[in-house]
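Architecture and fold: a report
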Amino acid sequence: SCPRPAFSMIIRIITALALFPPVIYLIGWAPEWLFLLALIATVEIGLYEYFQISRQAGLKGIPFLGYAAGLLICLAQAAELRRPGALLIVILALLLLAASALLWASDLKQYLGSVAATLFGVLYVALALSCVVPLRFSDPASGRGPIFLLFLAIWAGDIVAYLVGRSAGRRPLWPRISPKKTVEGAVAGFGGSLLAAWAYAHFFWQTADWKTVILLASLVAAAGQVGDLVESAMKRGANLKDSGNILPGHGGLLDRIDSLLFGAPALWLALTLKDFWLP
């Protein structure tokens, strides 16, 4: 019979191959309404897993408020493309709504922790991931360039880090948070992100300066690795191995988008402030 580690690897590869074509279509060629629909679904599943983790860690969030906030933030990001200021209005309204949750709190001792856990989840999952909307649609001149750079740098880094870490990893990167992550895997993953970005700039996104692309990829790769460690710390605190089991061989959805949750806002911020650091 097939050894369990080998079987798990096969399932992991099959799942990744099955998801690759629809994800590529969604981020590169899907119309805005379909892109937004897929984003909302991803955010809602991610929030569900986040609330499961926080509950396991002893934090009683307010899920219905988190789900509603996630939906509104995604819609506001799309509205922001046409009416600047829409996102800020939604965020301020959500802050007021969260504060007013005191009126319905059954246990006032849990109020502060519940609101804090909920707002963190909304910021961590919904607001962070919704940054893919402006990356994809805000600048017609750059087109699909930024969004493909984001996913390519994250995917290449994850794959190389996983393979090198499993085969040659010796020194733990941060054993208190994630015993299986290694220094060798992290360094190789960072290099894999840069190599993929260079190839992308050289062969495909030739309208962008390759040095700028490498700099952006470095930021995405570093932020992505931090995001991976943050999610690992959350699961470690909740005594969980995976955030869920929705993806065979991979665990939960958060386990797959944890790097994006830091990489997407980092890239969006860098491009938004490009006038300050680009010559």
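For the structure, see preceding data.
Now for a description of the structure that goes with this document. (Residues numbered from 1 in each chain as written. Predicted model: local features only at pLDDT ≥ 70, side-chain atom pairs only at ≥ 80, totals over all residues. Heavy atoms only, no water.)

1. What about the environment of V226?
By the element assignment, V226 lies in helix α9 (residues 210-237). Between the alpha carbons of V226 and F262 there is a distance of 7.3 Å; along the sequence they are 36 residues apart. (Helix = DSSP H or I, 4+ residues; strand = E, 2+ residues; numbered from the N terminus.)

2. Notes on the packing of aromatic side chains
Remark: the centre distance and the inter-plane angle together describe each pair of aromatic rings, the angle taken between the planes. All told, the structure shown has 12 aromatic pairs when counted by the stated rule. Between F20 and W155, the aromatic rings sit 5.8 Å apart at their centres with planes inclined by 55°, giving tilted as the arrangement. Taken as a pair, F20 in helix α1 (residues 4-28) and W155 in helix α7 (residues 145-168) lie far apart in primary sequence, 135 residues in all. Exposure remark for W155: the relative accessible area of 27% places this residue in the partly exposed category. (Phe/Tyr/Trp six-rings, centres within 6.5 Å; stacked < 30°, edge-to-face > 60°. Buried < 20%, exposed > 50% of the residue type's maximum accessible area, 1.4 Å probe, protein only.)

3. Things to note about the packing of α7 against helix α11 (residues 260-272)
In the contact formed by α7 and α11, the axes pass within 10 Å of each other and the chain directions differ by 140°. By the angle class used here, α7 and α11 are oblique. Relative to α11, α7 is oriented so that their crossing is right-handed. Touching P146, L150, F151 and I154 of α7 are L260, G263, A264, L267 and L271, all from α11. Residue composition of the contact of α7 with α11, by class: 8 nonpolar, 1 polar and no charged. (Axes fitted to C-alpha atoms, helices over the stretch in contact; angles between N-to-C directions. Parallel < 35°, antiparallel > 145°, perpendicular 65-115°, else oblique. Left-handed = near helix turned anticlockwise from the far one by under 90°. Contact = heavy atoms within 4.5 Å. Nonpolar A, V, L, I, M, F, W, Y, C, P; charged D, E, K, R; others polar.)

4. Quick notes on the pattern of salt bridges
Going through the model one piece at a time under the given rule, you end up with 6 salt bridges. A salt bridge links E32 to R82; the shortest N-O distance between them is 2.9 Å. Taken as a pair, E32 in helix α2 (residues 32-56) and R82 in the loop between α3 (63-80) and α4 (86-100) lie far apart in primary sequence, 50 residues in all. Overall, E32 belongs to the partly exposed group, its relative accessible area being 24%. On the basis of relative accessibility, which here comes to 57%, the residue R82 falls in the exposed class. Where E231 meets K235, a salt bridge forms, and the shortest distance between an N and an O atom there is 3.5 Å. In this pair, E231 and K235 both sit in helix α9, 4 residues apart, roughly one turn of the helix. Among the residues examined, E231 registers a relative accessible area of 1% and is labelled buried. When its relative accessible area of 10% is taken as the criterion, K235 is described as buried. Look at the salt bridges and you will find they share partners, linking E231, K235 and D255 into a network. (Salt bridge = Lys/Arg side-chain N within 4 Å of Asp/Glu carboxyl O.)

5. Some points on the environment of T118
You can see T118 is positioned in helix α5 (residues 108-129). T118 gets classed as buried once you look at its relative accessible area, which sits at 2%. Along the chain, T118 and L59 lie 59 residues apart, while their C-alpha atoms are 9.3 Å from each other. Excluding its chain neighbours within four sequence positions, the residues that come into contact with T118 are F51, G61, I62, L65 and G66. Within polar-contact distance, the side chain of T118 engages the backbone nitrogen of I62 at 2.7 Å. (Polar contact = N/O pair within 3.5 Å; in protein donor to acceptor, adjacent residues only side chain to side chain.)

6. What about α7?
The periodicity of an α-helix, 3.6 residues per turn, causes residues three or four positions apart to be oriented the same way. Taking 1.5 Å of rise per residue, the 24 residues of α7 would be expected to cover 34 Å, and the 33 Å separating its terminal C-alpha atoms lies within 8% of that figure. Among the residues making up α7, those that are buried are G145, P146, I147, F148, L149, L150, F151, A153, I154, A156, G157 and G165. (Expected span 1.5 Å × (residues − 1).)

7. Thoughts on the pairing of strand β2 (residues 178-182)
Sheet topology note: the strand β1 (residues 172-174)/β2 ladder contains 2 bridges and is antiparallel. Bridging across to β2, P172 finds its partner in T182. Linking β1 back to β2 in an antiparallel pair, the connection comprises 3 residues. (Pairing = 2+ DSSP bridges.)

8. What to know about the packing of α7 against α9
Look at α7 against α9: their axes get within 9 Å of each other, and the N-to-C directions meet at 55°. One finds that α7 runs oblique with respect to α9. The way α7 lies across α9 gives a crossing that is right-handed. Here L149, L150, A153 and I154 of α7 lie close against α9, whose contacting residues are V213, L216, A217, V220 and G224.

9. Looking at the nonpolar core
Judged by nonpolar contacts, the single largest core of 57 residues is most densely connected at L39, V43, Y50, L149 and L150. The biggest single contributor to this core is α2, with 9 residues. Apart from the residues lying within four places of it in its own chain, the contact partners of L39 are C74, L129, S130, V132 and V133. Formed by 6 residues, the second largest nonpolar core is a distinct cluster that contains I62, L65, A101 and V115. (Core = buried A, V, L, I, M, F, W, Y, C linked by side-chain atoms within 4.5 Å.)

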